[in-house]
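# Structural description and commentary
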Amino acid sequence: MVANGLLKGIRVLDLSRVMSGPFCTSMLADLGAEVIKIEMPERGDEGRAFGPFRDGESTYFMLLNRNKKSVTADLKAPEGAALIKSLIPHCDVLVENFRPGVMARLGLDYDSVKAINEKIIYASISGFGQESPLKDLPAFDLVIQAMSGLMSVTGPKGGPATAVGESVADVCTGMFAAFGIVSALFDRERAGAGRHIDVSMLDAMMSMQLTGLSRQLYFDETPSPAGNRHPITYPVDSFPTLAGDIVMVCFSDASFKSLGKAMGIPELADDPRFRTNALRNQHEEELRALISGWTRRLEPEQALSLLRDAGIPAAPVWNLKQLAESDHAAARGLIAKGRHSRFGDVPLVPQPVRFSGSQPIEHPTTPALGEHTQDVLAGLLRLDAKAIAALKAAKAI
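The present account deals with the structure reproduced in this document. Here the structure is a predicted model, which means the values were calculated and not measured.

## Quick notes on a nonpolar patch on the surface
A cluster of nonpolar side chains, contributed by Leu6, Val353 and Phe355, occupies part of the molecular surface with about 240 Å² of accessible area. Position of Val353 among the secondary structure elements: in the loop between β13 (344-348) and β14 (365-366).

Here's what the structure looks like:
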């Protein structure tokens, strides 16, 4: 585990699956928490069936479930549910992302769990929260992106609603859940009490759209797709070069003046069409044509050098391969050398926050299905071989 891990000594019972919950618990595991991941016998977390695959193993699952202990248990079997209840007194946190009502039917809702361990932090992640007229609807990332308004502002200007190219609703909800859990753990140190944390994917996605909300809530302006440009400030956009696109951020009148000088047109800022941000928005097409005409004549590094020398934030548009192979990724240790019981060394990407006095886990692991069942049942619960054999015979593990 992490040397001086911030969450060392915290044990998490992870009943979540697919993405939002597992992302949350991986963040906790990265910080030294012991995460016991409960999976269905034989098939495991549904995420194990999500591609891409390496020799039959999901690489998606590997990245998402690092540093966890995999224990198989069938929550629907009486013996499996009893096994979970026997783990609860040994745990500080429980995370689940079933549809509201499912945990109650399993006898594992917050009130039932609190009766076993009153200090437990119990996090429920769902699409719409525990109390909502939509709570019974199934929710996956695309469903939440669609309903959150995010798709309605993504994509080319005048184009159709477009999903973001990653599962941002799942990931962001997982981060909010981890934030809620560590906050509740801190409060428990002062107040001594556990809490139920209710995290909604739709709520999480709404709360993150500050630019759009500032227009919708205060001016009743419903945002629409604007391509790569910022919806309020211009020129904050992407522009073509001789070899790929770059982006620049001219966020003020002063930075726009600097852009004119970098372009060799110092009088640009005094052009009556472009003197203010409002005017630059009004004459966006003309300004874009001017800037694009300049950048198209340059290699990316030429344009970036001129812009950066002028103090204008600018960057190339990288693909994921370029980022993964960059000096930045190497210097920051973004890709760790993990270990898998079948494949040996595998690349994993731990949470990115760095803390003074604490080092990331040196060799993060990713579990095979049920890899730790025997160890947890015998070591933590003190079950003997006969009791474990009985659970196997009942197909509870």
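Moving on, there is more to tell.
## Thoughts on the environment of Leu323
Tracing the chain through its elements places Leu323 in helix α14 (residues 320-324). Taking C-alpha positions, Leu323 is 31 Å from Ala139, a pair spaced 184 residues apart along the chain. For Leu323, the residues in contact, after removing those within four places along its chain, are Trp318 and Ala329.

## Overview of the sheet that holds strand β12 (residues 336-340)
Judged by pairing direction, the sheet is mixed, and its three strands sit side by side in the order β13-β12-β14 without closing on themselves. The sheet is open, and its two edges are formed by β13 and β14, each paired on a single side. Relative to β14, β12 is paired through two bridges, and the arrangement is parallel. Each bridged residue has a counterpart across the sheet, and for His340 the counterpart in β14 is Thr366.

## Some points on the pattern of salt bridges
Charged atoms that come close allow side chains of opposite charge to pair. Overall, the coordinates contain 19 salt bridges when judged by the stated rule. For Arg190, the salt bridge is made with Asp187, and the minimal N-O distance between the two is 3.4 Å. With Arg190 and Asp187 both in helix α7 (residues 168-191), this residue pair falls three residues apart, about one helical turn. By relative accessible area, which is 61% here, Arg190 ends up exposed. Judged by relative accessible area, Asp187 falls into the buried class, the value being 15%. Ionic contacts of the salt-bridge type, sharing partners, join the residues Arg11, Glu34 and Lys69 into one network.

## Regarding the packing of aromatic side chains
Applying the stated criterion to the full structure yields three aromatic pairs. Plain terms: the ring middles of Tyr110 and Tyr122 are 5.6 Å apart, the flat faces sit at 70 degrees to each other, and that makes the pair edge-to-face. With Tyr110 in helix α5 (residues 110-116) and Tyr122 in strand β7 (residues 121-126), the pair connects residues that are twelve residues apart, well separated along the chain. The exposure class assigned to Tyr122 is buried, which follows from its relative accessible area of 1%. Ring centres 6.4 Å apart and planes at 70 degrees place the aromatic pair Phe256 and Phe274 in the edge-to-face group. Linking Phe256 in helix α10 (residues 253-262) with Phe274 in the loop between α10 and α11 (277-282), this pair joins segments that are 18 residues apart in sequence. Each of the two residues, Phe256 as well as Phe274, counts as buried. Positioned above the aromatic ring of Phe343, the side-chain terminus of Arg54 is 4.5 Å from the ring centre. Positioned above the aromatic ring of Phe256 is the side chain of Arg280, whose terminal nitrogen or guanidinium carbon lies 4.6 Å from the ring centre.

Conventions used here
Residues numbered from 1 in each chain as written. Predicted model: local features only at pLDDT ≥ 70, side-chain atom pairs only at ≥ 80, totals over all residues. Heavy atoms only, no water. Patch = residues over 30% accessible without salt bridge, like charges linked within 9 Å, V, L, I, M, F, W, Y side chains within 5 Å. Areas by Shrake-Rupley, 256 points an atom, 1.4 Å probe, with all protein chains shown as cover. Salt bridge = Lys/Arg side-chain N within 4 Å of Asp/Glu carboxyl O. Helix = DSSP H or I, 4+ residues; strand = E, 2+ residues; numbered from the N terminus. Contact = heavy atoms within 4.5 Å. Pairing = 2+ DSSP bridges. Buried < 20%, exposed > 50% of the residue type's maximum accessible area, 1.4 Å probe, protein only. Phe/Tyr/Trp six-rings, centres within 6.5 Å; stacked < 30°, edge-to-face > 60°. Lys NZ or Arg CZ within 6 Å of the ring centre and 35° of its normal.

What is shown is where atoms sit, not what they do.
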